[in-house]
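Take a look at the letters that make up each chain.
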Amino acid sequence: MAKEKKSKKVYKNGFNLLEKYPIEFSEKVGTVKYDGPIEAFDFSFPRKKIDHVIINLCPMEPWALPNSAVLKNGVRNILDKLDIVRTRYFPKSHCYVVISTQETKLIKESKQHEGHEEWLHVHTLDPIYPNDAPVLIVKKILGLDIAYGRNTVEIGVLVLDPQTVVGIFEHHIRKNEFSTRLIPISGTGLRENKILEVKPGTPVQKILDGNVREDIKYRVFVDGPLNGSEVKDLTQKIDWSTKNVVVLEERDYKTLFHFARVSELLFTTSLMGELRCCIYCNYCDDICPVDLEPALYWHCYIRGEKQKARLYALEKCIECGLCSFICPSKLELLQVIKECKS
Amino acid sequence: MKKTIKKIEPILNKTLNKTESFIQSRPKVNFLFGALFEAFDGLIRSSKDTAKTQPFIRNQMDAKQYMGGILVALFLGWVVPAIYFFGFLCVVPKLIVSFVVGVFIVDVIWVILAREERINEGGFVTCLFIPAFLPPQAPLWLIGVGAGVSILFRNITGGVGMNLLNPALFGRLILTISFPTMVVSGWQEPFIGFPTLQSLTYGVDAVTHATPLIAYKETGEVTSYISLLFGANTGSLGETCRVALIIAGIWLCKKRIANWRIPVAYLGSVFIFAALFSLIPGETMVPPMLQLLSGGLIFGAFFMATDPITTTYSQTGKWIFSIGCGLITVVIRNFTPIPEGVMYAILLMNLVGVPIQSIVLKLKYRV
Ligand code: SF4
Ligand code: SF4
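Calculation notes
Residues numbered from 1 in each chain as written. Chains lettered and ligands numbered in written order. Predicted model: local features only at pLDDT ≥ 70, side-chain atom pairs only at ≥ 80, totals over all residues. Heavy atoms only, no water. pLDDT = per-residue confidence, 0-100. Domains from an automatic or database assignment. Contact = heavy atoms within 4.5 Å. Salt bridge = Lys/Arg side-chain N within 4 Å of Asp/Glu carboxyl O. Polar contact = N/O pair within 3.5 Å; in protein donor to acceptor, adjacent residues only side chain to side chain. Helix = DSSP H or I, 4+ residues; strand = E, 2+ residues; numbered from the N terminus. Patch = residues over 30% accessible without salt bridge, like charges linked within 9 Å, V, L, I, M, F, W, Y side chains within 5 Å. Areas by Shrake-Rupley, 256 points an atom, 1.4 Å probe, with all protein chains shown as cover. Buried < 20%, exposed > 50% of the residue type's maximum accessible area, 1.4 Å probe, protein only. Phe/Tyr/Trp six-rings, centres within 6.5 Å; stacked < 30°, edge-to-face > 60°.

Engineer: What's the story with the confidence of the model for chain B in this structure? I'm lost.
Structural biologist: On average, residues of chain B score 82 in pLDDT, and 93% of them are at 70 or above. Both confidence scores are given for the complex: pTM 0.86, ipTM 0.82.

Engineer: Help me understand the domain arrangement of chain A, please; the structure alone is not making it clear to me.
Structural biologist: It is common to give the size of an interface as the accessible area lost on bringing the parts into contact. Residue and element names in this part refer to chain A. By domain assignment, chain A separates into domain 1 (19-39 + 179-212 + 219-247), domain 2 (52-173) and domain 3 (258-341). Relative placement of domain 1 and domain 2: their C-alpha centres are 23 Å apart. Counting residues at the interface gives 15 residues for domain 1, matched by ten residues for domain 2. At the boundary of domain 1 with domain 2, the tally comes to one salt bridge.

Engineer: I keep staring at the interface of chain A and chain B and nothing clicks. Help me out?
Structural biologist: With 67 residues of chain A at the contact, the number on the chain B side is 53 residues. Taken together, the connections running from chain A to chain B amount to five salt bridges. In this structure, the salt-bridge partner of Asp286(A) is Arg256(B), at a minimum N-O distance of 3.3 Å. Connecting chain A to chain B are 25 residue pairs in polar contact (both at pLDDT 80 or more). Every element with two or more residues in the side of chain A that touches chain B is listed here: strand E8 (218-222), strand E9 (229-231), helix H9 (262-266), helix H10 (283-287), helix H11 (294-302), helix H13 (322-326) and helix H14 (333-341) of chain A. Top contributing element to the side of chain A that touches chain B by residue count: H10(A), with four residues.

Engineer: Would you mind going over a nonpolar patch on the surface with me for this structure?
Structural biologist: Residue and element names in this part refer to chain B. A cluster of nonpolar residues, Val222, Tyr225, Phe271, Ile272, Leu276, Leu279 and Met289, forms a patch on the protein surface that exposes about 650 Å² of accessible area. When residues of the nonpolar patch are assigned to their parent elements, the largest contribution, three residues, is made by helix H12 (residues 261-277). When you line up the elements, Met289 lands in helix H13 (residues 288-293). Of the residues examined, Met289 reaches a relative accessible area of 36% and is grouped as partly exposed.

Engineer: Where do I start with the packing of aromatic side chains in this structure?
Structural biologist: One pair of aromatic rings is described through two measures. These are the centre distance and the angle between the planes. Using the criterion set out here, one finds 26 aromatic pairs over all chains in the structure. Pairing Phe43(A) with Phe45(A) gives two aromatic rings, centres 5.0 Å apart and planes at 75°, and the pair type is edge-to-face. You can call Phe43(A) buried: its relative accessible area is 14%. Ring geometry for Phe277(B) and Phe335(B): centres 5.3 Å apart, planes at 90°, overall edge-to-face. Taken together, the residues Phe277(B) in helix H12 and Phe335(B) in helix H15 (residues 315-335) connect sequence positions 58 residues apart. What makes Phe335(B) partly exposed here is its relative accessible area of 41%. Members of the aromatic cluster, each reached through a chain of ring pairs, are Phe15(A), Tyr21(A), Trp63(A), Phe267(A) and Phe325(A).

Engineer: Would you mind showing me how to read the pattern of salt bridges here?
Structural biologist: Any two side chains of opposite charge can pair, so long as their charged atoms come close to each other. Residues and elements named next belong to chain A. A complete count under the given rule lists 25 salt bridges over all chains for this structure. For Lys217, the salt bridge goes to Asp252, with nearest N and O atoms at 2.4 Å. One end of the pair, Lys217, is in the loop between helix H8 (204-208) and E8; the other, Asp252, is in the loop between strand E10 (245-249) and H9, with 35 residues separating them in the sequence. In this structure, Glu250 engages Arg219 in a salt bridge whose closest nitrogen and oxygen atoms are separated by 2.9 Å. Taken together, the positions of Glu250 in the loop between E10 and H9 and Arg219 in strand E8 put the pair 31 residues apart, joining distant regions of the chain. The two residues Glu250 and Arg219 agree in class, both being buried. Ionic contacts of the salt-bridge type, sharing partners, join the residues Arg219, Glu230, Lys232 and Glu250 into one network.

Structural data, given as structure tokens:
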């Protein structure tokens, strides 16, 4: 029964990527050596008064940094740092720690602390991508609305990841040197999925050295293959906002008996099908986290009526990419949406 | 198994690649066989396209699997039971004729002449429908005409993804208009009991005159619901074994290929409207249960009305669409001399699909 419920949710308003692409990182954290110029940590504190601080402890993408890597010493450690950072920089604000419903141990631990501190609130979210997108997390946790593309600071909300909290604490409060960031690397183009300690400023090439498979073609993406971007130039530098690096095998050749070898193709750049007309299957509007109907935009677009597409609540789209991901006709819906927006 | 695949893979791959480049380098050969090769190649090999824009990973479900799911459901839902009830020789030649005329003649010629689109597996779905809603004793040429007309109609109106009307139903409509007696006669007694080789091959050699709905209209006799459910009754080739159809249909809905809203709303509204109409004093109305279990309703609700292209895109529109289908079906069955209303209902609602869609959009987005 429980399982059935789970798989039902998988499709409706989001998608459980963790289930579909189970990624295991090796335990040991590697280090990337780089002697060139690096970027110093700097957090630009918002000018506006912050009422709510959301700490995102719920990675919804399998290629994101797992909590276990940051919270090695338990959640107490990070909560203490958070308390100090809060008192110094965001006094009177409330902190909301958001944890995925799957991590029961972490939830239990955090709830114990919640009782003692009136500024701390523990929330849980289903591990459905893209629940952790700023627009959705602000809506789900605080019930506030913010348009896509606006900074949450404008409504007095700050969304932080645990690494940034540690960074602010070490750099701005303790005045320690804080120069490395944990970057998870994963994908079918790699020998092994790893978590690496990287100094921001390091070129992507450095990270790949020794980790990628030499026998295949691959493509490199930062911040996830769904709505991240492709790294065309490998001298591009990792910075303090880089979340992860994904290297995918480039399957630009035909695969025999592909139907029996889905797992081989699944986590590659293959389209897994060919471009067709829209068949009105409703997959895209079922999966859309903000209840839009992406096929409408596509129809407007091919009729050359970009203006008309904006009538159908286009501005609500958070560009998560799920509609293109799920479309059986392999239509580039996200691309169409971006073009209609501009 | 894996080993043999590993062995033949390089050879097969090479041959296919060679053939591909051979065909593509010669315009004349490409003109004649390009589309055929592509269709065949597409069946056993994946496409070589890769994602060029975000998102860079895609789900494995593609249009082929989508259509394949429908084919499997149709096969288990009506072909297998029909072979049991009416015999192999009654069913399989019809399928062959339908496929050959529809897909291999009309569609291939169209693709060669029009040079616009590749051969589409949607044609198989359409052609698998044609024998299903004709009587078991329908002549083979009738099936051929039906399949040809359907595919031609589909291609003329723009190919898969662009039709306004369900092509299979349109073909059936043309047959009804052109050969009115053919499509409502030739009912055959189904075989009942433990299958023998004889029965599986030939079925029962007995012709009857009436389907349960016709019988009710003429004599007021209600056929037992159990026998209707399991298909021990006369009717079109593919619509009798309702249990199998329901199971296959639910499987389709679970796979999210058919939209569950449509069968639920269609069947539900037929039941409710039938019950309402039977409250009208002084008239004999077909009782709700008989409505549900007779004719092509189950088949239509799960397989024909759910055809995503000819319903409305928006989900609210789907409710309206199916309730409309239900109402029209009941009205036709109760108030007209036409014995079966499912085809007309779905076709009529297909026609109003576009206005429904735009009204729903107007209300939803206030534009
Ligand atoms: S998922 Fe693709 S094929 Fe299906 S309705 Fe949306 S745009 Fe059309
Ligand atoms: S990209 Fe936009 S339209 Fe597509 S699923 Fe995400 S939010 Fe919906």
